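Here are the chains, one letter per residue:
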Amino acid sequence: SARALMCYGLGLITKQEFDDITLIRKVRNNFAHRVKTSFEDPGIQDRCLALKGRPKYPGWAEETKASSLFLGVSVSLIVSLRNRVDDIQRLQVMV
């Protein structure tokens, strides 16, 4: 999306985050625009397996279930970006 590309271009997100956002967006669009889409579809599975920002908890490195990867990486990305906003706001208060 244009917003993700702009954030990447401005250095607000990493290449890995940009790539994961792009994959998450594509999976979401498949579900939004195709009636018979599931996490069992090969294209969806391939995109979910390509997600890199897996949570840093035991077992996640080996996870291969598409729905778990999609949810885990999405939540991890949301938390990471939200924490980044909080960190920036704290730094602004200190200045």
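The structure we're discussing is the one just above.
For clarity, every value in this text was computed on a predicted model and none was experimentally measured. (Residues numbered from 1 in each chain as written. Predicted model: local features only at pLDDT ≥ 70, side-chain atom pairs only at ≥ 80, totals over all residues. Heavy atoms only, no water.)

When you look at the packing of helix α2 (residues 15–33) against helix α3 (residues 42–50) in this model, what are you seeing that I'm missing?
Close contact between α2 and α3 brings their axes to 9 Å; oriented N to C, the two are set at 160 degrees. By the criterion of interaxial angle, the relationship of α2 to α3 is roughly antiparallel. Once α2 is placed against α3, the crossing between them reads as left-handed. Between α2 and α3, the residues in contact are Asp20, Leu23, Lys26, Val27, Asn30 and Phe31 and Ile44, Arg47, Cys48 and Ala50, respectively. Looking at the contact of α2 with α3, its residues break down into six nonpolar, one polar and three charged. (Axes fitted to C-alpha atoms, helices over the stretch in contact; angles between N-to-C directions. Helix = DSSP H or I, 4+ residues; strand = E, 2+ residues; numbered from the N terminus. Parallel < 35°, antiparallel > 145°, perpendicular 65-115°, else oblique. Left-handed = near helix turned anticlockwise from the far one by under 90°. Contact = heavy atoms within 4.5 Å. Nonpolar A, V, L, I, M, F, W, Y, C, P; charged D, E, K, R; others polar.)

When you look at the side chain of Asn30 in this model, what are you seeing that I'm missing?
Position of Asn30 relative to the elements: it lies in helix α2. For Asn30, a relative accessible area of 11% puts it in the buried group. Among residues more than four places away in sequence, those in contact with Asn30 are Thr37, Ile44 and Arg47. (Buried < 20%, exposed > 50% of the residue type's maximum accessible area, 1.4 Å probe, protein only.)

Explanation requested: the packing of aromatic side chains in the structure shown.
Within a pair of aromatic rings, the relevant descriptors are the distance that separates the centres and the angle that separates the planes. A complete count under the given rule lists three aromatic pairs for this structure. Their ring planes at 45 degrees and their centres at 4.9 Å tell us that Phe31 and Phe39 sit as a pair that is tilted. Taking relative accessible area as the criterion, Phe31 reaches 33% and is therefore assigned partly exposed. Look at Phe39 and Phe70: their rings are 5.7 Å apart centre to centre, the planes differ by 50 degrees, and that puts the pair in the tilted class. Here the residue Phe39 occupies a position in the loop between α2 and α3, and Phe70 occupies one in helix α4 (residues 66–94), the gap between them amounting to 31 residues. Using a relative accessible area of 18% as the deciding quantity, one classes Phe70 as buried. Three or more aromatic residues joined by ring pairs make a cluster, and in this case those are Phe31, Phe39 and Phe70. (Phe/Tyr/Trp six-rings, centres within 6.5 Å; stacked < 30°, edge-to-face > 60°.)

The analysis is restricted to geometry; functional conclusions fall outside its scope.
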